[in-house]
Protein chains: 4
Amino acid sequence: MRSTLDGALGFKLLEVTEDSARGRFDVTDAVRQPMGIVHGGAYAAMAETMASATTYKAVQPEGSIAVGQSNHTSFLRPVADGAVHAEARRRHRGRTSWIWEVDFTDDQGRLCAIARVTMAIRPAPAS
Amino acid sequence: MRSTLDGALGFKLLEVTEDSARGRFDVTDAVRQPMGIVHGGAYAAMAETMASATTYKAVQPEGSIAVGQSNHTSFLRPVADGAVHAEARRRHRGRTSWIWEVDFTDDQGRLCAIARVTMAIRPAPAS
Amino acid sequence: MRSTLDGALGFKLLEVTEDSARGRFDVTDAVRQPMGIVHGGAYAAMAETMASATTYKAVQPEGSIAVGQSNHTSFLRPVADGAVHAEARRRHRGRTSWIWEVDFTDDQGRLCAIARVTMAIRPAPAS
Amino acid sequence: MRSTLDGALGFKLLEVTEDSARGRFDVTDAVRQPMGIVHGGAYAAMAETMASATTYKAVQPEGSIAVGQSNHTSFLRPVADGAVHAEARRRHRGRTSWIWEVDFTDDQGRLCAIARVTMAIRPAPAS
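Described below are features of the structure shown in this document. (Residues numbered from 1 in each chain as written. Chains lettered and ligands numbered in written order. Predicted model: local features only at pLDDT ≥ 70, side-chain atom pairs only at ≥ 80, totals over all residues. Heavy atoms only, no water.)

1. Considerations on the relation of the copies chain C and chain D
Short version of the rule: Superposition of the copies used a least-squares fit over C-alpha atoms from residues whose pLDDT is at least 70 in both. Here, two residues are considered to be in contact whenever any of their heavy atoms come within 4.5 Å of each other.
Expressed as a screw transformation, the operator carrying chain C onto chain D has a rotation angle of 180° and an axial translation of 0.0 Å, and the superposed copies differ by an RMSD of 0.0 Å. Overall, the copies show the geometry of a two-fold rotation axis. Minimal C-alpha separation from the rotation axis in chain C is found for His72(C), amounting to 2.0 Å. Mapped onto chain D, 100% of the interface residues of chain C again fall at the interface, so both copies present the same surface.

2. Description of the interface of chain A and chain B
Accessible area lost upon the coming together of the parts serves often as the stated size of an interface. The following threshold applies: Once two parts are joined, some of their accessible surface, as seen by a 1.4 Å probe, is lost; buried area is that loss totalled over both. Should a side-chain nitrogen of Lys or Arg be within 4 Å of a carboxyl oxygen of Asp or Glu, the pair is scored as a salt bridge.
Listed as interface residues are 30 residues of chain A and, on the opposing side, 30 residues of chain B. Both sides together, the interface formed by chain A and chain B hides about 2,200 Å², and carbon and sulfur atoms give 63% of it. Its largest share of buried area at the contact with chain B, chain A owes to Leu5(A), His39(A) and Phe75(A), together 25% of the area lost on that side. If you look at where chain A meets chain B, you find 0 salt bridges.

3. A look at the interface of chain C and chain D
Put simply, the rule is: Whenever a nitrogen or oxygen atom comes within 3.5 Å of another N or O atom, the pair is scored as a polar contact, on the condition that within protein one atom can donate a hydrogen and the other can accept it, and that pairs from neighbouring residues in sequence are kept only if both atoms are in side chains. A run of H or I in DSSP counts as a helix once it spans at least four residues, and a run of E counts as a strand once it spans at least two, with each numbered from the N terminus. All residues other than Ala, Val, Leu, Ile, Met, Phe, Trp, Tyr, Cys, Pro, Asp, Glu, Lys and Arg, Gly among them, are scored as polar; the first ten of these are nonpolar and the last four charged. Two strands qualify as a pair provided DSSP detects at least 2 bridges between them.
Between chain C and chain D, the residue contacts involve 30 residues of the former and 30 residues of the latter. Where chain C abuts chain D, roughly 2,200 Å² becomes buried across the two surfaces, and 63% of that area is made up of carbon and sulfur atoms. Considering only the surface of chain C that becomes buried against chain D, Leu5(C), His39(C) and Phe75(C) emerge as the three largest contributors, covering 25% of it. Applying the counting rule to chain C against chain D returns 0 salt bridges. Taken together, the links from chain C to chain D amount to 12 residue pairs in polar contact (both at pLDDT 80 or more). Of all the secondary-structure elements, those providing two or more residues to the side of chain C that touches chain D are helix H1 (5-9), helix H2 (40-59) and strand S3 (64-75) of chain C. Partitioning the side of chain C that touches chain D into residue classes produces 12 nonpolar, 14 polar and 4 charged. By the bridge criterion, 5 bridges tie S3(C) to strand S3 (residues 64-75) of chain D in an arrangement that is antiparallel. Following the sheet pairing, Thr73(C) is matched in S3(D) by Asn71(D).

4. What about helix H2 (residues 40-59) of chain A?
Where we set the bar: One fewer than the residue count of a helix, multiplied by 1.5 Å, yields its expected span. Each residue's exposure class comes from its accessible area (1.4 Å probe, protein chains only) as a fraction of the maximum for that residue type: buried when under 20%, exposed when over 50%, partly exposed otherwise.
Counted at 1.5 Å a residue, the expected span for H2(A) with its 20 residues is 28 Å, and the 29 Å between its end C-alpha atoms agrees. The buried count for H2(A) comes to 16 of 20 residues, which makes it a mostly enclosed element.

5. Concerning the layout of surface pockets
Heads up, the rule is: Cavity and pocket criteria rest on a 1 Å grid covering protein atoms alone: a 1.4 Å probe that fits but cannot get out defines a cavity, protein on both sides within 12 Å along at least 5 of 7 lines defines an open pocket, and an atom within 4 Å of a point defines a lining residue. Grid points are joined across faces, edges and corners, and a volume is the space filled by probe spheres set on the points.
Empty space within the second largest pocket amounts to approximately 1,100 Å³. Surrounding the second largest pocket, 46 residues form its lining, Ala66(A), Val67(A), Gly68(A), Ile37(B) and Pro78(B) being those nearest its centre. No other element matches strand S3 (residues 64-75) of chain A, which puts 6 residues into the lining of the second largest pocket. Taken together, the residues of the lining of the second largest pocket break down into 22 nonpolar, 18 polar and 6 charged.

6. Some remarks on the packing of H2(A) against helix H2 (residues 40-59) of chain B
What describes two packed helices is the angle between their axes and the distance between those same axes. Spelled out, the test is: Axes here refer to lines fitted to C-alpha atoms; in helices the fit is confined to the stretch in contact. Angles between the N-to-C directions go from 0 to 180 degrees. For classification purposes, angles smaller than 35 degrees are called roughly parallel, those larger than 145 roughly antiparallel, those between 65 and 115 roughly perpendicular, and all remaining angles oblique. Here is the rule for handedness: rotate from the far helix to the near one, and if that takes an anticlockwise turn smaller than a right angle the crossing is left-handed, while a clockwise turn gives right-handed.
Taken N-terminus to C-terminus, the directions of H2(A) and H2(B) make an angle of 165°; their axes are 8 Å apart at the nearest point. When the interaxial angle is binned, H2(A) and H2(B) end up roughly antiparallel. The chirality of how H2(A) crosses H2(B) is right-handed. In this structure, H2(A) uses Gly40(A), Gly41(A), Ala44(A), Ala45(A) and Glu48(A) to contact H2(B), whose residues at the interface are Gly40(B), Gly41(B), Ala44(B), Ala45(B) and Glu48(B). In terms of residue class, the contact of H2(A) with H2(B) is built from 4 nonpolar, 4 polar and 2 charged.

7. Description of the packing of aromatic side chains
All names here are of chain A. Let me state the cut-off plainly: Pairs were defined over the aromatic rings of Phe, Tyr and Trp, the Trp ring being its six-membered one, requiring ring centres within 6.5 Å. Orientation was assigned from the angle between planes: stacked under 30 degrees, edge-to-face over 60, tilted for the rest. The rule for a charge over a ring is simple: NZ of Lys or CZ of Arg within 6 Å of the ring centre, and within 35 degrees of the ring normal.
Applying the stated rule across the entire model yields 20 aromatic pairs over all chains. Connected via pairs of aromatic rings, a cluster forms that spans Phe11, Phe25, Tyr43, Phe75 and Phe104. We note Arg90 situated over the ring of Trp98; from NZ or CZ to the ring centre the distance is 4.9 Å.

8. Focus: the sheet that holds strand S6 (residues 111-123) of chain C
Taken in spatial order, the 12 strands make up an open sheet running S1(C)-S2(C)-S4(C)-S5(C)-S6(C)-S3(C)-S3(D)-S6(D)-S5(D)-S4(D)-S2(D)-S1(D), and their pairing is antiparallel. Strands with a single pairing partner mark the edges of an open sheet, and in this sheet they are strand S1 (11-16) of chain C together with strand S1 (11-16) of chain D. Recorded for the sheet is a direction-independent mean angle of 25° between the axes of neighbouring strands. Summarising the sheet, S1(C) and strand S2 (residues 20-26) of chain C pair through 5 bridges and their orientation is antiparallel.

9. Details of the relation of the copies chain A and chain B
These two copies of the chain differ by a rotation about an axis and a displacement along the same axis. Its rotation angle being 180°, the transformation that places chain A on chain B also includes 0.0 Å of axial translation and leaves an RMSD of 0.0 Å. When the interface residues of chain A are mapped onto chain B, 100% of them again fall at the interface, so both copies present the same face.

10. Here's the deal with the sheet that holds strand S5 (residues 97-105) of chain A
Pairing in this open sheet of 12 strands is antiparallel, and the strands run S1(A)-S2(A)-S4(A)-S5(A)-S6(A)-S3(A)-S3(B)-S6(B)-S5(B)-S4(B)-S2(B)-S1(B) from one edge to the other. The two strands at the open ends of the sheet, each matched to only one other strand, are strand S1 (11-16) of chain A together with strand S1 (11-16) of chain B. Geometrically, the sheet is characterised by an average inter-axis angle of 25° between neighbouring strands, direction not taken into account. Pairing of strand S5 (residues 97-105) of chain B with strand S6 (residues 111-123) of chain B involves 9 bridges; the strand directions are antiparallel.

Structure, rendered in structure tokens:
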């Protein structure tokens with residue numbers, strides 16, 4: 001993940017299963033907006049990373065790929081320091097789309113943001 | 001914008017008015033996901049930056065602040081190279097919330113992603 | 001609820017607490033689209049009804065009202081017969097906004113749709 | 001549209017092309033919530049109807065069907081009387097998904113709600 005957006009923002013995937021994932025990022029300047037709190041885009045990006053990584057891993061053995069289709073993140077509480085903890089769970093596993101929900105909490109366990117990510121499943125391009 | 005998420009991802013705000021904004025980011029590794037295309041979170045983050053900057057600038061003189069409340073981005077077409085161009089326009093200016101829509105296009109002018117961002121307007125904290 | 005949209009579509013609220021709600025509607029023609037399955041708008045409307053009723057009941061004693069701000073419903077599985085069962089739970093209780101998530105299941109308990117509803121809390125208009 | 005949700009709520013489709021649509025509904029009790037204003041679900045349902053009807057009409061000749069996947073409606077201004085006017089325009093025409101945006105205005109032309117609807121395109125079931 002080093003030379004990608006995940007690396008630039010310091011995202012860490014801690015656990016990936018077929019229907020859940022756990023991750024984390026530290027609150028450094030790279031994820032802050034100018035007022036000093038975590039940029040809303042950091043939550044959205046982390047949710048996208050988690051949904052993509054998990055779905056991709058699951059469908060690739062069947063000759064499919066996973067493509068992000070939609071990401072809807074709501075911001076509940078600002079975080080200025082510490083780390084942001086993310087838990088993803090799969091809500092839907094269809095033939096052509098998967099849906100994930102991701103909860104974000106701060107170091108005190110308070111809910112800070114929630115995301116719904118829809119992944120489209122497509123046949124892998126012939127290479 | 002240097003030492004923030006905007007800087008880490010290379011976002012550029014080119015023009016900001018009260019009801020529109022234009023921006024851009026180059027497709028470098030810092031905005032790519034592992035497959036080599038632009039990470040969905042980059043579009044969401046750019047939309048958030050544009051909506052925040054414009055709203056903040058407009059409401060601050062009245063003693064208010066703008067806080068991101070919701071970001072819904074849909075991904076239409078992958079981009080692997082060149083630059084991503086963003087145009088934001090304000091759809092709603094309420095007393096307590098503003099809504100922005102952002103269109104993203106590639107260097108050929110093709111629509112790649114669309115975002116709807118809701119900003120909450122709050123009284124500035126007394127300092 | 002008789003002479004409102006709730007009545008026209010046959011919505012039933014079975015239980016309302018401060019942080020959850022249960023409801024149901026039968027699959028009659030009034031909630032179907034032309035192909036014979038439940039219209040997507042029926043799920044969205046039921047989610048809106050549940051979030052509004054619960055939030056309103058909670059904030060009214062404090063002199064506030066609740067106003068729907070945003071409704072995002074995803075459709076997972078078509079339903080053609082029987083009843084649709086809805087369970088709402090509150091994800092966020094802020095000073096100015098509440099967020100609800102609603103799960104919809106069919107008679108076999110399969111997840112059919114999910115909704116996120118954001119309610120804005122406002123001071124009740126002086127009358 | 002008589003014996004469906006569209007009929008129950010009084011929806012009227014006035015014009016349908018491949019990339020746009022116009023519709024209307026009168027503000028009767030059937031679309032009101034208990035406070036006397038238009039129920040948020042009425043906007044969401046109307047957007048769903050318009051996106052479905054237009055997409056279905058376009059893809060059916062090619063042996064495909066259109067299925068609602070996601071509906072995100074934001075509410076900007078309450079409407080208590082008169083009619084609600086809806087204009088839909090297609091933002092994306094992909095092989096497997098179409099995206100529509102719908103603007104709702106009141107009789108004075110003021111923007112009251114906006115919706116983004118994603119339709120999935122699937123092969124028609126063999127019958």
